[in-house]
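Chain and residue survey
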Amino acid sequence: MGRHVITARAAATFEPVGRSVATARGFVRDTLQGWGLSDIVDDAVVLTSELVTNAVVHAGTSAEVLCLRDAAGARIEVADRYPDREVPIHDASRAHPGPDREGGRGLLLCSALATRWGVDYASAEKRVWFRLDLPQRSVGMRSSGPEVPDAALPVTDSHVRVAVVQVDRGGAIAAWNDDARDLFGYRPEQVVGKPLNDFAAWPHTPGTGTGIAEALVFSRWEGTYGFRDAQGRTVPVYASHLRVRDPQGEPSTVCLLVPEDERAVLASPQRAPATEPVGGHDGRERPGVDPFEMFIGSPPPEDLDGLLQRTVERARDMLDGDAAFLLLATDDETELEVRASTGLPSARQRFARVPVEAGSGRYGSARMPSVHEDLTAVPGAVPLLTGTGMRSVVTVPLKVEGRLTGSMGVAAETSGRYTNEEALRLQFAADRIALAVESARLTELERLRRGSLSFLVEASDLLAGTLDRDQTLALMAQMTVPTLATWCAVYTIADPASEPELSYVLHEDEDRIDGLKALLAKVDAPDPVPTPGARGWSAPGDAAHSSALRNSLRSLQLDEPTLPAPGTTLATASAVGGETVVLPLVARNRVIGMIVLGKPTDERFRQEILELAEDLSRRAALALDNARLYSERTAISQSLQRSLLPPELPDVPGVEVEVIYRAAGEGNEVGGDFYDLFPIRDGAYGFAIGDVCGTGPEAAAVTGLARHALRLLAREGFSGPAVLERLNAAILDEGARSRFLTLLYGELWPQEDGSALLKVVCAGHPLPLRLRPDGTVEPAAEPQPLLGVMDDLELYEETLTLEPGDVLLCVTDGVTERREGTRMLGDDGLAECLTTCTGLTAGAVAARIMRAVERFAADAPSDDMAILAMRVPK
């Protein structure tokens, strides 16, 4: 220390973990502030942060921090256990080695900020130290600036006017001085009592909630806005607001206003001390505002977007820039996403991504501070500013515990505006806000992940709830629009040899769907690449803009009313002009389609949304493939079932015939009940109605056997009993697959006198009912043993004649056993219903019976039902 006498000492050791960097910063800050050295706290914290980062993060050793105070300032020493680590050596003939490497940044900052610094080596450690001397100030001054030539002094009007406007608790003007009258042209009586908001042209920036009402309740506020004068013009002013209270405790805000070009009159020093006197009624000094709050404002915004937007606005104002931006790093730290900006054109949209390493060297990496004096000399050096008209820019990293979390920059439209001094000031601000930004970002990510989990759970439930292909496609699109994207298109691939087919299109604005569908139909489908993840697809946007341009030029050059309206094409181009991505739909190791997500002009997807869309695409692909397999199997099943149903019923001369058939179970067209009516020979017809035990495909297989056997045996000339006996043997031959069968079989001969002769065999089946024209209902047969149970059956046929006006009703037990609780329709209920059918046609009789059965109970029928009605007209 030489001539410096040590008056205080503090030391601490920090473990080689990332969180030690923040702890070390707090240790140095608290120590120096406790010693009253607030003027050098900021520089000491920045240097300590970098040196401890080198030790615990890069060298991987513990760090010992020693603080020494003397009358002239303080000395900070940081020791690590890695003595062989390369350090820059002072040599005027060459620059510091390794400026592009993270490890040398702390030493470069020491060189820039410290009064003196150095490195001491020992066998087991290396100790880096720096010294910061207190600034020399005039006696009694809280802060001061250096002497400068007269020509460098700020320019003001010959008579400096400072408008003093006092605003009460409600935001109304309570006092108005003479300078305010001269500057804005209002007499006190014209403004006192009116809201300040009536005169202030407050800048409105989307994404931040800070307005004039908030600014008036801050303890201190300083910045620029407009003020409307008596002639209606907006005068740019620089303002300094101070919140005070009167002896009675009533708060108000004192606003000092000067013209914007005279801002130097009011502007505070750029580097405010960590404490400042805030007067109370007792006149004693009180602790000042935290430096973070001084930069970002108090209270800080609670949401991440508001915090970032406030940050870029304050950074722009702090460096008097024309634009500012803030980017956050993705999880893998390979890209940065634009999250907030001010002063940049709309094309620089949020969530646009730029690489962390844009080139070689320090100035191509977002991990190091950089200053570009003239961007025209290095085109593309800052991709975000390409084509914006910005000439100079300063960018600094946001780091938390040595890890890159983002990047912040301030730009100006003129060259040479920024130097290393501005870079250090901006880095100081970035170090102040980095932890708060990272905390808010993690909170947002947790909220997004919770929301994503709920979204995926709901999506999985919806997709699992249907096996219909078209409904699955609709659900896929409806779940993404507008939650994930503005529009969506789904392409499907039937088989590996097929081309992708546009199957579904959806836009959040229904009026855009037809135009979007027509556009995509003209564009070649994206390649079905199985690589997971989202990939960009520019074809829709390019085609839309080309078509819009072509159409607009033709409409301007030719007066042809048949041309489509340019507005329609331009609207479609705008709808698809943003980022468009394609995600493959891969199921069972095959690409079965693609889902395309798009944004309108100047909008991009954020990384978290793309990751969520990828998760959704995996679930949707499996659901779509399941629906495809189900559809294929359903089509096969329905085709087989339709083969078990009889063809169209033949016309029977002189007899009306009507059949109603209902198979129980979703997707079943054939069950255990069956019917048939077929010609046997000239003038003779066979009819049957039966019921196999059970329902579903197993019962349907027996119905197919029975129906085809009946036709074959009847046409061979066998009588009714002989037909049923042989069918019984065939059923028993099925062995374990056999099922018992109730069957009503008969043969019908229309007579020349208008009647019809019937011979029937009722094998265990509900008896057929005969309805006479007078309303009498009676059984038309006797019960006999059912089929599929016994080997030896003795069956006989019964003969009856249907006279003109008679109706023969044959049903299966699904009709008579229709239940509602303990009630059952039964044979009596069926007969009672049939008595009301006198005079009806066969079709009307069957319809009335079916309607009565359906209305008997509220629940859907659980058994197959068949109704066969035959009527001899009068």
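Check the entry above for the structure.
Residues numbered from 1 in each chain as written. Predicted model: local features only at pLDDT ≥ 70, side-chain atom pairs only at ≥ 80, totals over all residues. Heavy atoms only, no water.

Glancing now at the overall build of the protein chain. The helix and strand inventory of the protein chain stands at 19 helices and 34 strands. Once local pairs closer than 6 in sequence are excluded, the contacts in the protein chain between residues at least 24 apart make up 62%. On the protein chain, roughly 42,000 Å² of surface is accessible, and the fraction owed to carbon and sulfur atoms is 50%. (Helix = DSSP H or I, 4+ residues; strand = E, 2+ residues; numbered from the N terminus. Contact = heavy atoms within 4.5 Å. Areas by Shrake-Rupley, 256 points an atom, 1.4 Å probe, with all protein chains shown as cover.)

The subject of this paragraph is the environment of Val-312. Its place among the elements puts Val-312 in helix H8 (residues 304–318). Once the C-alpha coordinates of Val-312 and Ala-323 are considered, the two residues, 11 residues apart in sequence, prove to be 8.4 Å apart.

Okay, empty space enclosed by the protein next. The final tally for this structure, using the stated rule, is 3 cavities of 30 Å³ or more. By volume, the second largest cavity is sized at about 140 Å³. Lining the second largest cavity are 14 residues; nearest its centre among them are Arg-25, Ser-49, Glu-50, Lys-399 and Asp-431. It is helix H9 (residues 420–464) that contributes the most residues to the lining of the second largest cavity, 4 residues altogether. Its residues assigned to classes, the lining of the second largest cavity shows 4 nonpolar, 4 polar and 6 charged. (1 Å grid on protein atoms, 1.4 Å probe; cavity = no way out; pocket = protein on both sides within 12 Å on 5 of 7 lines; lining within 4 Å. Points joined across faces, edges and corners; volume = space filled by probe spheres on them. Nonpolar A, V, L, I, M, F, W, Y, C, P; charged D, E, K, R; others polar.)

Hydrogen bonds between backbone atoms are what pair the strands of a sheet, whose relative direction is either parallel or antiparallel. Strand order in the open sheet formed by 6 strands is E7-E6-E11-E10-E9-E8, with antiparallel pairing between adjacent strands. Two strands lie at the open edges of the sheet, namely strand E7 (173–176) and strand E8 (200–201), each paired on one side alone. Sheet topology places strand E10 (residues 234–245) next to strand E11 (residues 251–259); 9 bridges connect them, and they run antiparallel. Bridge pairing links Arg-243 to Thr-253 in E11. (Pairing = 2+ DSSP bridges.)

Here the focus is unusual backbone geometry. Of note, the bond from Val-481 into Pro-482 is cis; its omega dihedral lies within 30 degrees of zero at 0°. With phi around 55°, Glu-401 is a residue other than glycine that occupies positive phi space. Inspection of the secondary structure puts Glu-401 in the loop between strand E16 (392–400) and strand E17 (403–412). Accessibility expressed as a relative area gives 32% for Glu-401, which makes it partly exposed. Of note in the backbone geometry, Asn-589 takes a positive phi value of approximately 65° without being a glycine. Positionally, Asn-589 belongs in the loop between strand E21 (580–587) and strand E22 (590–598). (Buried < 20%, exposed > 50% of the residue type's maximum accessible area, 1.4 Å probe, protein only.)

Attention now moves to the packing of aromatic side chains. Counting across every chain of the model gives 10 aromatic pairs. On the basis of an interplanar angle of 50° and a centroid distance of 6.1 Å, the ring pair of Trp-176 and Phe-184 is categorised as tilted. Relative accessible area serves as the criterion here: at 8%, Trp-176 is assigned to the buried category. Here Phe-184 falls in the buried class, since its relative accessible area comes to 3%. Pairing Phe-199 with Phe-227 gives two aromatic rings, centres 6.1 Å apart and planes at 10°, and the pair type is stacked. Note that Phe-199 is positioned in the loop between helix H5 (188–191) and E8 and Phe-227 in strand E9 (residues 220–228), a separation of 28 residues in sequence. Accessibility expressed as a relative area gives 7% for Phe-199, which makes it buried. By way of ring pairs, the aromatic residues Trp-176, Phe-184, Tyr-186, Phe-199 and Phe-227 are connected into one cluster. (Phe/Tyr/Trp six-rings, centres within 6.5 Å; stacked < 30°, edge-to-face > 60°.)

The next thing to look at is a negative patch on the surface. Residues Glu-725, Asp-791, Asp-792 and Glu-794 make up a contiguous surface patch of negative charge. Checked against the element boundaries, Glu-725 lands in helix H16 (residues 720–732). (Patch = residues over 30% accessible without salt bridge, like charges linked within 9 Å, V, L, I, M, F, W, Y side chains within 5 Å. Salt bridge = Lys/Arg side-chain N within 4 Å of Asp/Glu carboxyl O. Lys, Arg positive; Asp, Glu negative; His and termini not counted. Charge placed at Lys NZ, Arg CZ, Asp CG, Glu CD.)

Quick look at the sheet that holds strand E28 (residues 769–771) now. Sheet architecture is open: 5 strands sit in the order E23-E34-E31-E28-E29, paired in antiparallel fashion. What marks the edges here is a single partner per strand, and that holds for strand E23 (656–662) and strand E29 (777–779). The average angle at which neighbouring strand axes cross in this sheet is 20°, direction not considered. On top of the sheet, helix H18 (residues 826–834) reaches E28, E29 and strand E31 (807–811); it is set at about 20° to E28, its chief contact. Contacting E23, E31 and strand E34 (865–871), helix H19 (residues 842–856) runs over the sheet at an angle of about 25° to E23. (Axes fitted to C-alpha atoms, helices over the stretch in contact; angles between N-to-C directions.)

Turning our attention to the pattern of salt bridges. Under the counting rule described, the total for this entry stands at 33 salt bridges. Where Arg-403 meets Glu-438, a salt bridge forms, and the shortest distance between an N and an O atom there is 2.8 Å. Note that Arg-403 is positioned in strand E17 and Glu-438 in helix H9, a separation of 35 residues in sequence. We classify Arg-403 as partly exposed; its relative accessible area is 37%.

Time to look at the packing of H9 against helix H10 (residues 469–480). Interaxial distance between H9 and H10 falls to 10 Å at its minimum, and their mutual angle equals 165°. Comparing their axes, H10 and H9 come out roughly antiparallel. By crossing handedness, the relation of H9 to H10 is classed as right-handed. In contact with Phe-455, Ala-459, Leu-462 and Leu-463 of H9, H10 contributes Thr-472, Leu-475, Met-476 and Met-479. (Parallel < 35°, antiparallel > 145°, perpendicular 65-115°, else oblique. Left-handed = near helix turned anticlockwise from the far one by under 90°.)

Of the residues making up helix H11 (residues 513–522), those classed as buried are Ile-513, Leu-516, Leu-519 and Leu-520. Looking down the long axis of H11, one finds its buried residues gathered within 130° of arc, a one-sided arrangement. Of the exposed residues in H11, those oriented more than 90 degrees away from the buried face are Asp-514, Ala-521 and Lys-522. (Arc of directions from axis to C-beta.)

Looking now at the nonpolar core. Within the largest apolar cluster, 36 residues are counted, with the highest numbers of intra-cluster contacts made by Phe-27, Leu-32, Val-52, Val-65, Cys-67 and Phe-130. Contributions of two or more residues to this core are made by strand E1 (8–14), helix H1 (20–34), helix H2 (41–59), strand E2 (63–70), strand E3 (73–80), helix H3 (105–113) and strand E5 (126–133). In terms of residue count, H2 provides more of this core than any other element does, 9 residues in total. Apart from residues no more than four positions distant in its own chain, Phe-27 is found in contact with Ala-10, Ala-11, Ala-12, Phe-14, Val-65 and Cys-67. One finds Leu-473, Leu-506, Ala-621 and Leu-624 within the second-largest nonpolar core, a separate group that totals 33 residues. (Core = buried A, V, L, I, M, F, W, Y, C linked by side-chain atoms within 4.5 Å.)

Within the element layout of this structure, Asn-728 appears in helix H16. Residue Asn-728 is classed as buried on the basis of its relative accessible area of 1%. A polar contact is formed between the side chain of Asn-728 and the backbone oxygen of Met-790, at a distance of 2.7 Å. (Polar contact = N/O pair within 3.5 Å; in protein donor to acceptor, adjacent residues only side chain to side chain.)

Attention now goes to a nonpolar patch on the surface. The grouping of Phe-740, Val-789 and Met-790 at the surface amounts to a nonpolar patch, some 260 Å² of accessible area in total. Inspection of the secondary structure assignment puts Met-790 in the loop between E29 and strand E30 (798–802).

Take the side chain of His-765 next. Among the secondary structure elements, His-765 is positioned in the loop between strand E27 (756–763) and E28. Each residue touching His-765, except ones within four places of it in the same chain, is listed here: Ile-689, Gly-690, Asp-691, Thr-742, Leu-743, Leu-744, Val-811 and Thr-812.

Burial along E1 is one-sided: Ala-8, Ala-10, Ala-12 and Phe-14 are buried, while Arg-9, Ala-11 and Thr-13, pointing the other way, are not. With 7 bridges joining them, E1 and E2 adopt antiparallel strand pairing. Bridge pairing in E2 places Thr-13 opposite Glu-64.

Spanning 15 residues, H19 covers 21 Å between terminal C-alpha atoms, matching the ideal 21 Å at 1.5 Å per step. Within H19, the full set of buried residues consists of Ala-842, Val-845, Ala-846, Ile-849, Met-850, Val-853 and Phe-856. Each buried residue of H19 lies within a common arc of 125° when the element is viewed along its axis, so the set occupies one face. (Expected span 1.5 Å × (residues − 1).)

So, on to the environment of Leu-506. Among the secondary structure elements, Leu-506 is positioned in strand E19 (residues 501–507). Once residues within four sequence positions are removed from consideration, Leu-506 is found in contact with Ala-477, Gln-478, Val-481, Trp-487, Cys-488, Ile-513 and Leu-516.

With that settled, the discussion passes to the packing of H18 against H19. Their axes nearest at 10 Å, the elements H18 and H19 cross at an angle of 135°. As far as their axial angle goes, H19 and H18 are oblique. For the pair H18 and H19, the sense of crossing is right-handed. Every residue of H19 that contacts H18 at Leu-830, Cys-833 and Leu-834 is listed here: Val-845, Arg-848, Ile-849 and Ala-852. Here the residues of the contact of H18 with H19 are counted per class, giving 6 nonpolar, no polar and 1 charged.

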